[in-house]
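Results of the structural survey
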Amino acid sequence: GQQLNQSPQSMFIQEGEDVSMNCTSSSIFNTWLWYKQDPGEGPVLLIALYKAGELTSNGRLTAQFGITRKDSFLNISASIPSDVGIYFCAGQKLAGYALNFGKGTSLLVTP
Amino acid sequence: DAGVIQSPRHEVTEMGQEVTLRCKPISGHNSLFWYRQTMMRGLELLIYFNNNVPIDDSGMPEDRFSAKMPNASFSTLKIQPSEPRDSAVYFCASSRPGTGESGSDQETQYFGPGTRLLVL
């Protein structure tokens, strides 16, 4: 499967700062998803996007499905220490198909 | 509700041994996916099933890997013989049929906690 280009690879920020990460692809996806993975656990879904241009919020998280369907971003506002983890973007071409994942963004938040 | 269940959570074995990983998907979900996660390659699909039928196994590394789904509530991933390069975290995920309407649960894949495999 195609690997998505996710950036940045890692971020080291202070509590209270806003965070932004993005994902791009050379091909179109019909669904974009953002997952968070804590150490020793499986990825947990944060936000799912189903329509080009869609902007969706989940608490302090905001994600957008790019209008070209080839990109997506995730913003975290007012970061807190429990935001620490690895964030993955994933694209899905068709419902029920497998996910193509980015390499992840490792986030560290200092108090 | 119980999520995706995987066993064992950890497995340490010697090269050449057979390894069997198990997965119980969420009840009512009709799609099941096996992924492998390594530092070098990230999360990669190995194989997925829809209604117990393998749909795409192009990600299975080689003939040493095989997967079965004998019924809707159980799947296995077997490696025989295992090699050190098979060391990774293996995740199982499941999803339910979409309703055709947009919504937060449409075809969302839910992941299990993973099996951490170390082949010595």
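To keep things clear, this report deals only with the structure shown in the data block. Because the structure is predicted, anything quoted here is derived from the model rather than measured.

1. Some points on unusual backbone geometry
Residues and elements named next belong to chain B. Here Ser-7 and Pro-8 are connected by a cis peptide whose omega angle stands at -10°. Tracing the chain through its elements places Pro-8 in the loop between β1 (5-7) and β2 (10-13). Cis peptide bonds are those with omega within 30 degrees of zero, and the linkage from Gln-80 to Pro-81 qualifies with -10°. Within the element layout of this structure, Pro-81 appears in the loop between β8 (74-79) and β9 (88-95).

2. Details of the state of the cysteines
By definition, a disulfide links two cysteine residues through a covalent bond between their sulfur atoms. All names here are of chain B. Following the criterion strictly, the structure yields two disulfides over all chains and no others. The disulfide that involves Cys-23 links it to Cys-92, with 1.9 Å between the sulfurs. Between Cys-23 and Cys-92, the S-S torsion sits near -70°, and that sign places the bridge as left-handed. Residue Cys-23 is located in strand β3 (residues 19-24), and its partner Cys-92 is located in strand β9; the two are separated by 69 residues in the primary sequence.

3. Overview of the interface of chain B and chain A
With 24 residues of chain B at the interface, the matching set in chain A holds 19 residues. Approximately 1,700 Å² of surface area, both sides summed, lies buried where chain B meets chain A, with 55% of it carried by carbon and sulfur atoms. Taken together, the links from chain B to chain A amount to zero salt bridges. Scanning the region where chain B abuts chain A turns up eight residue pairs in polar contact (both at pLDDT 80 or more). Contributions of two or more residues to the side of chain B that touches chain A are made by β4 (31-38) and β5 (42-50) of chain B.

4. Focus: a nonpolar patch on the surface
A contiguous nonpolar patch, built from Val-12, Leu-118 and Leu-120 of chain B and spanning about 290 Å² of accessible area, is present on the exposed surface. For Leu-118 of chain B, the location among the structural elements is in strand β11 (residues 115-119).

5. Digging into the pattern of salt bridges
All names here are of chain B. One pass over the full model with this rule turns up nine salt bridges over all chains. Across the pair Glu-62 and Arg-64 runs a salt bridge whose closest N-O atoms are separated by 2.8 Å. Judged by its relative accessible area of 9%, Arg-64 falls in the buried class. The partner of Arg-85 in a salt bridge is Glu-62, and the shortest N-O contact between them spans 3.2 Å. Of this pair, Arg-85 sits in the loop between β8 and β9 while Glu-62 sits in the loop between β6 (53-56) and β7 (65-71); the two residues are 23 residues apart in sequence, bridging distant segments of the chain.

6. Quick look at the packing of aromatic side chains
Under the definition given, this model contains eleven aromatic pairs over all chains. Measuring from centroid to centroid gives 5.3 Å for Tyr-35 of chain A and Phe-111 of chain B, while their planes differ by 80°, and the two rings are edge-to-face. Residue Tyr-35 of chain A is located in strand β4 (residues 31-37), and its partner Phe-111 of chain B is located in strand β10 (residues 110-111); the two belong to separate chains. With relative accessibility at 0%, the residue Tyr-35 of chain A sits in the buried group.

About the criteria used
Residues numbered from 1 in each chain as written. Chains lettered and ligands numbered in written order. Predicted model: local features only at pLDDT ≥ 70, side-chain atom pairs only at ≥ 80, totals over all residues. Heavy atoms only, no water. Helix = DSSP H or I, 4+ residues; strand = E, 2+ residues; numbered from the N terminus. Disulfide = S-S within 2.5 Å. Contact = heavy atoms within 4.5 Å. Buried area = accessible area lost by both parts, 1.4 Å probe. Salt bridge = Lys/Arg side-chain N within 4 Å of Asp/Glu carboxyl O. Polar contact = N/O pair within 3.5 Å; in protein donor to acceptor, adjacent residues only side chain to side chain. Patch = residues over 30% accessible without salt bridge, like charges linked within 9 Å, V, L, I, M, F, W, Y side chains within 5 Å. Areas by Shrake-Rupley, 256 points an atom, 1.4 Å probe, with all protein chains shown as cover. Buried < 20%, exposed > 50% of the residue type's maximum accessible area, 1.4 Å probe, protein only. Phe/Tyr/Trp six-rings, centres within 6.5 Å; stacked < 30°, edge-to-face > 60°.

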